[in-house]
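Chain residues, written in single-letter form:
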Amino acid sequence: MTTLEIYDTTLRDGTQQEGISLTAGDKLAISQLLDELGVAYVEGGWPGANPKDDEFFQRARRELDFTTATLVAFGSTRRAGRNAASDAQLAALIAAETEVICLVGKSWDYHVEHALRTDQQEAVAMIGDSVEYLRSVDRRVFFDAEHFFDGYRTNPEFALDTLRAAHESGAERLVLCDTNGGTLPHEVDRVVREVAAALPEAALGCHFHNDAGTAVANSLTAATAGIMQIQGCINGYGERTGNADLCSVIPNVSLKMGYASIPEDRLSHLTRVSHHIAEIINLTLDDHLPYVGVSAFTHKAGLHTSALARRPDAYEHLPPDAVGNSTRTVVSELAGRSTILAKAQDTGLELSSEEAQVVVDRIKELEHDGYHFEAADGSFELLVRESQGWKQPFFSLESYRVFVEHRDGEVVAEATVKVYVGGERIVTTREGDGPVAAIDLALRAALAHDYPQVARIHLTDYRVRDLDSSDGTAARVRVLCQHRDVDGSWGTIGVHQNIIDASWRAVCDGIVVGLIRANGASNGGNSNGSGGLQSE
Ligand SMILES: [Zn+2]
């Protein structure tokens, strides 16, 4: 089996994406997750370029405990007209004390002329000298040939000369970078084969950006054309349209193309690692990402789902558990009993076919009122439980009230919640930026003593929609909330003529589902004793 090295650059190239800013602590946490996933190389950052990366490499030496990965420091070759041994950038790379250094150098003559403002001979010498110097202090060196595909298009001799200089000076990998991301798979195939023929002894790698929407396809093509290392980012993070998404690259090469990449038993960690890193990065993950997205194995139509229950392989390109994801069924009024049964099973609940019919009828009623369960799997779960006679045991509401005050140019919302928790009446008041935040905070405060797990439940998304009034009654408002904990996320819904009450319903459902999950009751609906849950 041919091995393809997986080289992750989420911490360096991935953080070029707008909206991403990581602390050294975040980077350490992500590094550890990448090692759990089993990638070969983790590029930690650019020492000497910013203080955060220097702190990261310092702490990495003490705090990281890698089992499969090797940490890499990234930086550029010596400056034009300088000596490698006295170059500050190379000194910072050495000071990072990593086993491997990835050096980036320019392979496009256009950039040599306009960015470096030097001649081609010096550009080649900058690469050769720098690699040689780092080798002389016992570093393993990879060479990232920046703008290689654009350079090869306009001046293949020069582009190859830069690779040759790195190779002859002792670089272990020559990585062909599509820095502007515009290259297509058929060009990749031709160029990689030509480079491999010109440098038969060299070990090649690839680094694609997704500007033409083909970064993953290009990486796979480069693999079949003979490279042995693929660089990319988890969840396709990266500037502009992102880098090659390793969450697609890894399962494609491992499960469909017969390469060895990460250790086989780690593939089932892919979805978890992808979601956990998204959480640290604090960007909502696209539900529609291949392999790891929440919707990657989601089915909707009624007919389709009954067939799916019998023959999953008829509708899924591979078993979702191979990458740690799972089949999901969404509920809509089109759904028949089979969808409801399958969906209930997803949440670990068994329904008899009569109970399923009760749920189908109830959903039809609620959808008539403006409910919509496709994005509200959490509220759906509660509906199924209630159809079996279950009542949420965490609290019961006596009343709530919210007011909004405009005071000295600022708007403050204040909510008071009165609930019974374990027989005790609790009254809490909290302020928030808006009425929903205030209600959410007040309810959490009321529950915090008996259910400290509420602290792990986060409200991550809140959406409101006005529903048309078709029958002359007052228009209703639909609120959709998304909550999450470390293990996943769930949607809830509330519909009412009053936006506050619609919000209250969605927020309450979200917290109740979170407490069920925190109490380990989502499988089978049985209590483990810690939360006083009952199942009928
Ligand atoms: Zn890049």
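Up top you'll find the structure we're talking about.
Read on for a plain summary of the structure. (Residues numbered from 1 in each chain as written. Predicted model: local features only at pLDDT ≥ 70, side-chain atom pairs only at ≥ 80, totals over all residues. Heavy atoms only, no water.)

### Looking at the layout of surface pockets
- Taken as a whole, the second largest pocket holds about 630 Å³ of empty space.
- Contributing to the lining of the second largest pocket are 33 residues, with Arg12, Asp13, Gln16, Trp46 and Phe74 lying nearest its centre.
- At the level of elements, α2 (51-63), β3 (70-76), β4 (100-106), α4 (109-116), α5 (120-136) and β5 (140-146) are the ones that each hand at least two residues to the lining of the second largest pocket.
- Per element, the largest residue contribution to the lining of the second largest pocket is three residues, and it comes from β4.
- Of the residues belonging to the lining of the second largest pocket, the class tally is twelve nonpolar, eleven polar and ten charged. (1 Å grid on protein atoms, 1.4 Å probe; cavity = no way out; pocket = protein on both sides within 12 Å on 5 of 7 lines; lining within 4 Å. Points joined across faces, edges and corners; volume = space filled by probe spheres on them. Helix = DSSP H or I, 4+ residues; strand = E, 2+ residues; numbered from the N terminus. Nonpolar A, V, L, I, M, F, W, Y, C, P; charged D, E, K, R; others polar.)

### Structural notes on the sheet that holds strand β14 (residues 458-467)
- Taken together, the three strands give an open sheet; going across it, the order is β14-β15-β16, and neighbouring strands pair in antiparallel fashion. Lying at the two open borders of the sheet, with one neighbouring strand each, are β14 and β16 (488-496). The average angle at which neighbouring strand axes cross in this sheet is 15°, direction not considered.
- Direction of pairing for strand β15 (residues 476-485) relative to β16: antiparallel, over a ladder of nine bridges. Bridge pairing in β16 links arginine 484 to serine 489. (Pairing = 2+ DSSP bridges. Axes fitted to C-alpha atoms, helices over the stretch in contact; angles between N-to-C directions.)

### Quick notes on the sheet that holds strand β11 (residues 396-407)
- Across the sheet, three strands lie side by side as β11-β12-β13; this open sheet has antiparallel pairing. The strands lining the two open edges of the sheet, one partner per strand, are β11 and β13 (424-432). With strand direction ignored, the average angle separating the axes of adjacent strands in the sheet is 10°.
- Two strands pair when backbone bridges link them, and strand β12 (residues 410-421) and β13 are joined in this way by nine bridges, in the antiparallel orientation. Bridge pairing links tyrosine 420 to arginine 425 in β13.

### Side note on the coordination of the zinc ion
- At this site the zinc ion is bound by Asp13 (OD), His207 (NE2) and His209 (NE2), with donor distances of 2.0 to 2.1 Å.
- All donor residues of the zinc ion come from one chain, and their arrangement in sequence is D-x193-H-x1-H. (Donors = N, O, S within 2.8 Å, 3.2 Å for Na, K, Ca; no water.)

### Re the packing of aromatic side chains
- Taken as a whole and judged by the stated rule, the model has twelve aromatic pairs.
- Between tyrosine 41 and phenylalanine 142 the ring centres are 5.0 Å apart and the planes differ by 85°, which places this aromatic pair in the edge-to-face class. On the criterion of sequence distance, the pair formed by tyrosine 41 in strand β2 (residues 41-45) and phenylalanine 142 in strand β5 is long-range, its members being 101 residues apart.
- The exposure class of tyrosine 41 is buried, given its relative accessible area of 6%.
- For phenylalanine 142, a relative accessible area of 0% corresponds to the buried category.
- Measuring from ring centre to ring centre gives 5.3 Å for phenylalanine 394 and tyrosine 451, while their planes differ by 85°; the resulting arrangement is edge-to-face. Highlighted residues: phenylalanine 394 in the loop between α15 (377-387) and β11 and tyrosine 451 in the loop between α16 (435-447) and β14, separated in sequence by 57 residues. Both residues of the pair, phenylalanine 394 and tyrosine 451, belong to the buried class. (Phe/Tyr/Trp six-rings, centres within 6.5 Å; stacked < 30°, edge-to-face > 60°. Buried < 20%, exposed > 50% of the residue type's maximum accessible area, 1.4 Å probe, protein only.)

### Points about the packing of helix α14 (residues 353-368) against α15
- Two numbers describe how α14 lies on α15: the axes approach to 10 Å, and their chain directions differ by 130°. Taken together, the axis directions place α14 and α15 in an arrangement best described as oblique. In the packing of α14 onto α15, the handedness of the crossing is right-handed. Only Phe380, Leu383, Val384 and Ser387 of α15 make contact with α14, whose side of the interface consists of Val358, Val359, Arg362, Ile363 and Leu366.
- Along the lines of polarity and charge, the residues of the contact of α14 with α15 split into seven nonpolar, one polar and one charged. (Parallel < 35°, antiparallel > 145°, perpendicular 65-115°, else oblique. Left-handed = near helix turned anticlockwise from the far one by under 90°. Contact = heavy atoms within 4.5 Å.)

### A closer look at the packing of helix α1 (residues 24-37) against helix α11 (residues 270-281)
- Across the interface, α1 lies against α11 with an axial gap of 10 Å and an inter-helix angle of 175°. On the basis of their axis angle, the class for α1 and α11 is roughly antiparallel. In this structure, α1 uses Asp26, Ala29, Ile30, Leu33, Leu34, Glu36 and Leu37 to contact α11, whose residues at the interface are Leu270, Arg272, Val273, His276, Ile277, Ile280 and Ile281.
- Class assignment of the residues belonging to the contact of α1 with α11 gives a composition of ten nonpolar, one polar and three charged.

### Re the pattern of salt bridges
- The full count for this structure, using the stated rule, is 27 salt bridges.
- Measuring nitrogen to oxygen at the nearest pair gives 3.8 Å for the salt bridge that ties arginine 61 to glutamate 97. Of this pair, arginine 61 sits in helix α2 while glutamate 97 sits in the loop between α3 (88-95) and β4, and the two are 36 residues apart along the sequence.
- The exposure class of glutamate 97 is exposed, given its relative accessible area of 52%. (Salt bridge = Lys/Arg side-chain N within 4 Å of Asp/Glu carboxyl O.)

### A few points about the environment of phenylalanine 403
- You can see phenylalanine 403 is positioned in strand β11.
- In this structure phenylalanine 403 comes out as partly exposed when scored by relative accessible area, which is 39%.
- Taking C-alpha positions, phenylalanine 403 is 9.5 Å from alanine 438, a pair spaced 35 residues apart along the chain.
- Leave out the neighbours within four places in its chain, and phenylalanine 403 touches Val412, Ala413 and Glu414.

### Some points on α11
- Its twelve residues give α11 an end-to-end C-alpha distance of 16 Å, which sits within 8% of 16 Å, the value for a rise of 1.5 Å per residue.
- Restricting attention to buried positions, one finds in α11 the residues Leu270, Thr271, Val273, Ser274, Ile277, Ala278, Ile280 and Ile281.
- In this structure, the buried residues of α11 make contact with α1 and α10 (246-256).
- Two residues or fewer past α11, asparagine 282 is found with a positive phi of approximately 70°. (Expected span 1.5 Å × (residues − 1).)

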